[in-house]
Amino acid sequence: MRFFIHCLAIALGLASAGAASAQDKMLDLSKPSNVASALMAAGYKAVLKQNSRNEPYILSSSNGTDFTIEFYGCKGQSDCGSYQFTSWYKPDPLFTVAFANEWNVAKRFLKVAIDKDGNLNEYMDFTAVGTISQQNFADIVDWYKVMDAELAKFIDGKRPAK
């Protein structure tokens with residue numbers, strides 16, 4: 001009986017180690033298709049597309065709004081040096097340089113800028129050099145989701161009371 005319990009304990013330990021290693025799978029995020037797969041594994045939709053310049057990007061959503069993951073320094077459709085989570089808000093008189101600066105001074109990771117058309121762009125940049133675990137990538141996506149929600153609250157808090 002003791003032998004059986006010992007074997008069962010070993011089997012359960014190996015099974016849980018296998019589950020943990022699947023979660024900690026190392027990813028090469030220099031390939032947009034790998035980023036799309038990792039995004040889906042983290043529970044998000046991921047549609048891999050190409051822009052008008054034939055550059056890869058991923059369309060996804062969080063907090064009820066769309067966001068994209070854009071790739072930089074790519075050689076064709078792979079070997080990208082970095083990627084950026086980004087989304088934007090349509091022009092609003094609230095979106096001024098002072099507004100963007102107030103957010104950027106207080107927040108370290110998610111940054112905002114106002115483009116030439118008056119859109120408020122939010123973005124977070126990451127390197128694609130080397131490898132990263134699936135669990136760490138899922139944390140990055142979650143961090144973006146949390147910061148996106150914080151930006152929405154910040155915007156709502158700046159609107160005049162009705």
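Structure's up top.
Predicted, not measured: the structure shown is a model, and the values here were computed from it. (Residues numbered from 1 in each chain as written. Predicted model: local features only at pLDDT ≥ 70, side-chain atom pairs only at ≥ 80, totals over all residues. Heavy atoms only, no water.)

Trainee: Is there a simple way to think about the sheet that holds strand β5 (residues 82–89) in this case?
Mentor: Think of a sheet as strands paired side by side through backbone hydrogen bonds, with each pair either parallel or antiparallel. With antiparallel pairing, six strands are arranged side by side in an open sheet as β2-β3-β4-β5-β7-β6. Among the strands making up the open sheet, the edge pair consists of β2 (47–50) and β6 (111–114). Along the sheet, successive strands turn relative to each other by an average axial angle of 30°, direction set aside. For strand β3 (residues 56–62) and strand β4 (residues 65–72), the ladder comprises six bridges, and the chain directions are antiparallel. Bridge assignment links Leu59 to a residue of β4, and that residue is Thr68. Against the sheet, helix α2 (residues 32–41) engages β2, β3 and β4, with an angle of about 15° to β3. Packed onto the sheet, helix α4 (residues 134–158) meets β3, β4, β5, β6 and β7 (120–127) and runs at close to 25° relative to β5. (Pairing = 2+ DSSP bridges. Helix = DSSP H or I, 4+ residues; strand = E, 2+ residues; numbered from the N terminus. Axes fitted to C-alpha atoms, helices over the stretch in contact; angles between N-to-C directions. Contact = heavy atoms within 4.5 Å.)

Trainee: Please explain the nonpolar core as it appears in this structure.
Mentor: Generally speaking, nonpolar side chains in soluble globular proteins are found buried as a group. Residues Leu29, Leu39, Ile58, Ile69, Tyr83, Phe85 and Phe137 are the most contacted members of the largest nonpolar core, which totals 35 residues. At the level of secondary structure, the elements contributing two or more residues to this core comprise α2, β4, β5, α3 (97–106), β7 and α4. Among all residues touching Ile58, those that are not within four sequence positions of it are Pro32, Val35, Ala36, Leu39, Ala46, Val47, Leu48, Phe67, Thr68, Ile69 and Phe71. (Core = buried A, V, L, I, M, F, W, Y, C linked by side-chain atoms within 4.5 Å. Buried < 20%, exposed > 50% of the residue type's maximum accessible area, 1.4 Å probe, protein only.)

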